[in-house]
Amino acid sequence: MDVPPIEAAARALARPSHRVGAASAAIVVLLVVAVAALQSVRSPAALGATAPATEFSAGRAFEQVRAIATEPHVAGSAAADRVRDHLLATLRGLGLDPQVQDTASVQGGDLSSSAGGISLARVRNVVTLLPGTAPTGRIFLVAHYDSAQVSPGGNDDGAGTATILELARALAGGPRLRNDVVLVLTDAEEACLCGAQAFVDQHPLARDGGVVLNLEARGSSGPAIMFETAADNAGLTGVFATAPKPVGTSVAVEVYRLLPNDTDFTPFLQAGFTGFNSAYIDGAAVYHAPTDTPATMDRDSLQHLGANALKLTRELGGRDLPALRSTGDATYFPVPGGLAVYSGGLTWPLAGLALVAVLVLAWLTRRRGLTSGGRLAGGFAVALAPIILVPGSAQLLWALLKIVRPGYAAQLIDPYRPFWYRLAIVALAATIVCAWYVLLRRRLTPAALAVGGLGWLAVLGLLLAAFAPGGSYLAALPALAGALAGIVAVLLRGWWAVLAVTAGGAVAVVLLLPLVVLFLPALGLALAGAGAGITTLLALALLPVVDLLHPEAGGQRGLVAARARRLGGLPTLAALLTAVACVATGLAVDRFDAAHPAPTHLMYALDADTGQARWLSEENKPQQWTGQYVSGEPTTVVDTLPAFGPAELLTGPAPAAALAAPTVAKTADTTTGELRTVTFRLTPQRPVRLLTLHVNVEATVTAARVAGREVPTDRRAGGPWGFGFGFHAPPPDGVEVTLTVPAKTPLRLRVMDASDGLGAVPGFRARPADVGVMGSHSSEMLAVARTDTL
């Protein structure tokens, strides 16, 4: 871009006579605003066990967590039975009448974790009705009481379950609400969401729908975030704003809808319920892992989850629930003192207004001689560079950290102590933006770069309005505020200009800084580019203030110009040194030890037909400990273990254990025309948590019943196997299966069962203290498979 330099006329939007004083004042103001913005997404302090009976107490709820999370309690286990007994005794002790919904449930949608797309489970939900005085509908408080296979579930979902018990105490001891409140403590969420599915499909209390408050935890700390709502949430969002500390953002809803994640809230949504899904999500290194113990829980997070839930339950309990129905979604985000909410109908007008304001600012800067048309075009073009470079550099940083510390590769979201790495990402973003700015500032002018940055914010606001409306505000509103502030600055100049650009920057800080601190833990260092991208948007919105840290642009020559360039590079150097120091500190602080073990993944599978056994691992590359069992490149095992589907696993030979495979006993076999209907019983020969069955692909299954339930037949496992299902928490006497297949086609069945724990397997050696188990639904699985022909 070859354009002649503009001399002294080339100035920034704000040109105070005392730049140091102006910069200092602006920084102080923005720091105060930043503190207030960060406070808006902090958890409140936990209340102790002596808190008033009418209030939620994390101290009281934590005692329930201790009782629930003493050991892993996967669905169907004796430990899960003990937890359920505790729930029933606690609720009955409050004078309530809990009931157990004991049934089989089918989860045949995309939520299923079983190869072939069909999961079933025997579930035992604990359901309690608190009848209202004059109900207009029902409020459902939902949490799951089962844990992942290797996890005691102190947070996931001991937090949600204990919260509901504390809510039950507060509600039962107070005046009855107008509307019914139903406590739903679900089973088998970790396996297949089958408890929630059974409730919405089969329980009479679910027949008329209602408002759901689902309570979860995907970590051990952080604020309780309302991260998901039903569609057409405008009416309910106003209710959420009444919570004591409403932390939520409509952009989180848009992001979550794109992710392959689901909770118990999903079956309720699919059944037509409305409501909120809330969780605290920081400290994700313990997620589904043996380290998810009560000791890891931040009780402030528990207080936040419960206090919000209690206030919302009471608020909804007194409302006319049908009157909350609305059309369209609201846009909402945290601000100091509460939650800002406005109609989704304003999304396009605000995004369009932002673009118009930026165009007016561009015209005005050119009109006033602060820049030229060519430089404005150049500023817009080059402003895309940091938007691309910063997220890419953040992802590269995480890739390098995994090379330096290979154990990080098994931490799928975050390491144990990610704080310093998160600071490093923010500093890295500042380094790139400052370097970009100082390199181009004199050539393209500060005004052109500022307008270019705001221009991309405005464009992004329009794109989000089209594809993710709830997220449009994060770009459109900073662009609008920055452009209006820039217009005022150009027109008024002097200290009024400094005040204007500082006010515009303050708006950006309020809107974007909370998103940075929410998104970095939400998506983790594994997707660090997301948080880095939001940091970049904030930096671009702050360019007029950043310019105050640089010498005045234009007109300098010789030594004066050289000194100006050196001074202008100081922010870049400071940011770079900060990034390096933070990475070094992170590596020094976040080391694996007995309390923070390096996660590893290992399974064992025995083929009873051949007597051969294999070690299996989900790791992409074997870590040092895992490498003694598996090696080579990941490969599929679907031919012999169709329950794992197309997943690629590391493998290695293993000694054969003396383990009995599940049996298939035919009880009926009839042929009508060209169709054959076969009934048999699939029975485990040892205590297991999972039974799977897959049919050879040639025998097309046209109808199937499992444990008395119709199941879909349109899913395929892959390889030589077609129809299949997984049954979680099977009864000891097995499950009855009826299949309809072509009469003339041989029927082969590949059956497998799975339990947890490798300690008794020959050849297994206990892990060292600083080596742990990965939080995974298949960690430590012990599987036995065989083939039967009927």
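The rules we used
- Residues numbered from 1 in each chain as written.
- Predicted model: local features only at pLDDT ≥ 70, side-chain atom pairs only at ≥ 80, totals over all residues.
- Heavy atoms only, no water.
- Pairing = 2+ DSSP bridges.
- Helix = DSSP H or I, 4+ residues; strand = E, 2+ residues; numbered from the N terminus.
- Core = buried A, V, L, I, M, F, W, Y, C linked by side-chain atoms within 4.5 Å.
- Buried < 20%, exposed > 50% of the residue type's maximum accessible area, 1.4 Å probe, protein only.
- Contact = heavy atoms within 4.5 Å.
- 1 Å grid on protein atoms, 1.4 Å probe; cavity = no way out; pocket = protein on both sides within 12 Å on 5 of 7 lines; lining within 4 Å.
- Points joined across faces, edges and corners; volume = space filled by probe spheres on them.
- Nonpolar A, V, L, I, M, F, W, Y, C, P; charged D, E, K, R; others polar.
- Axes fitted to C-alpha atoms, helices over the stretch in contact; angles between N-to-C directions.
- Parallel < 35°, antiparallel > 145°, perpendicular 65-115°, else oblique.
- Expected span 1.5 Å × (residues − 1).
- Polar contact = N/O pair within 3.5 Å; in protein donor to acceptor, adjacent residues only side chain to side chain.
- Disulfide = S-S within 2.5 Å.
- Phe/Tyr/Trp six-rings, centres within 6.5 Å; stacked < 30°, edge-to-face > 60°.
- Lys NZ or Arg CZ within 6 Å of the ring centre and 35° of its normal.
- Patch = residues over 30% accessible without salt bridge, like charges linked within 9 Å, V, L, I, M, F, W, Y side chains within 5 Å.
- Areas by Shrake-Rupley, 256 points an atom, 1.4 Å probe, with all protein chains shown as cover.
- Salt bridge = Lys/Arg side-chain N within 4 Å of Asp/Glu carboxyl O.

S.K.: Even after reading the chapter, I still don't get the sheet that holds strand β19 (residues 709–710), so can you show me in this structure?
M.R.: To summarise the sheet geometry, strands pair through backbone hydrogen bonds and adopt either a parallel or an antiparallel arrangement. Taken in spatial order, the five strands make up an open sheet running β15-β16-β21-β18-β19, and their pairing is antiparallel. Since the sheet does not close on itself, it has two edges, and those belong to β15 (663–672) and β19, each with one partner. Bridge analysis of strand β16 (residues 675–683) against strand β21 (residues 735–742) gives eight bridges, and the strand direction is antiparallel. Its bridge partner lying in β21, Leu675 is registered against Pro742.

S.K.: In this structure, what is going on with the nonpolar core? I would like to understand it.
M.R.: Soluble globular proteins tend to pack their nonpolar side chains together in the buried interior. Judged by nonpolar contacts, the single largest core of 94 residues is most densely connected at Tyr473 and Leu474. Element by element, the count of residues in this core is highest for helix α17 (residues 494–523), at 16 residues. When residues no more than four places from it in sequence are discounted, the contact partners of Leu474 are Val251, Leu464, Leu512, Leu515 and Leu537.

S.K.: Looking at this structure, I do not really get the layout of surface pockets. What am I missing?
M.R.: Using a probe with the size of a water molecule, rolled over the atoms, empty space left in the structure can be pinpointed. The volume enclosed by the second largest pocket comes to roughly 1,700 Å³. The leading source of residues in the lining of the second largest pocket is helix α14 (residues 419–444), at ten residues. Here the residues of the lining of the second largest pocket are counted per class, giving 36 nonpolar, seven polar and five charged.

S.K.: Even after reading the chapter, I still don't get the packing of α14 against helix α15 (residues 446–467), so can you show me in this structure?
M.R.: Relative orientation and spacing of two packed helices are given, respectively, by the angle between their axes and the distance between those axes. In contact at an axis separation of 7 Å, α14 and α15 are set at 120° when each is read in the N-to-C sense. Considering their axes alone, α14 and α15 lie oblique with respect to each other. The residues of α15 that touch α14, namely those facing Trp436, Tyr437, Leu440, Arg441 and Leu444, are Pro446, Ala448 and Leu449. Per-class residue counts for the contact of α14 with α15 are seven nonpolar, no polar and one charged.

S.K.: Where do I start with helix α10 (residues 299–317) in this structure?
M.R.: For α10, with 19 residues, the first-to-last C-alpha span of 26 Å sits near the 27 Å given by 1.5 Å per residue. Most of α10 is tucked away, with 14 of its 19 residues classed as buried. The N-cap of α10, judged by a side-chain oxygen 2.9 Å from the amide nitrogen of Asp300 a few residues on, is Asp298.

S.K.: Would you mind showing me how to read the state of the cysteines here?
M.R.: Should the sulfur atoms of two cysteines be covalently bonded, the bond is a disulfide. Overall, the coordinates contain one disulfide when judged by the stated rule. With its sulfur 2.1 Å from that of its partner, Cys192 forms a disulfide with Cys194. The chirality of the disulfide connecting Cys192 with Cys194 is left-handed, given an S-S dihedral of about -130°. Across the pair, Cys194 and Cys192 agree in class, each one buried. Sulfur of Cys434: no disulfide; nearest cysteine sulfur belongs to Cys582 and is 15 Å away.

S.K.: Even after reading the chapter, I still don't get the packing of aromatic side chains, so can you show me in this structure?
M.R.: For any pair of aromatic rings, geometry is given as the distance between the ring centres together with the angle between the planes. Taken as a whole and assessed by the stated rule, the structure comprises 22 aromatic pairs. With centroids separated by 5.9 Å and ring planes inclined at 40°, the aromatic side chains of Phe199 and Phe268 adopt a geometry described as tilted. Of this pair, Phe199 sits in helix α6 (residues 194–202) while Phe268 is found in helix α9 (residues 265–270), placing the two residues 69 residues apart along the sequence. Phe199 sits in the buried class, given a relative accessible area of 0%. Grouping aromatic residues by their ring pairs yields a cluster made of Trp398, Tyr408, Tyr416, Tyr421 and Phe592. Stacked on the ring of Phe62, the Lys or Arg Arg299 has its end atom at 3.8 Å from the ring centre.

S.K.: Help me understand the pairing of strand β17 (residues 690–696), please; the structure alone is not making it clear to me.
M.R.: For a regular strand, the rule is simple: side chains alternate between the two faces of the sheet. Burial runs high along β17: seven of the seven residues are buried. Relative to strand β20 (residues 721–728), β17 runs antiparallel, the two being bridged by six bridges. Within β20, the residue paired with Leu693 across the bridge is Phe725. Pairing of β17 with strand β22 (residues 748–756), which is carried by six bridges, proceeds in the antiparallel orientation. Across the sheet, residue Thr692 finds its bridge partner in β22, namely Met752.

S.K.: Can you help me understand a nonpolar patch on the surface in this one?
M.R.: On the surface, Val488, Leu491, Leu492, Trp496 and Leu499 cluster together to form a nonpolar patch covering roughly 520 Å² of accessible area. Looking at the nonpolar patch, the elements with two or more residues in it are α16 (473–492) and α17. Ranked by residue count, the leading element in the nonpolar patch is α16, at three residues. Turning to its location among the elements, Val488 is positioned in helix α16.

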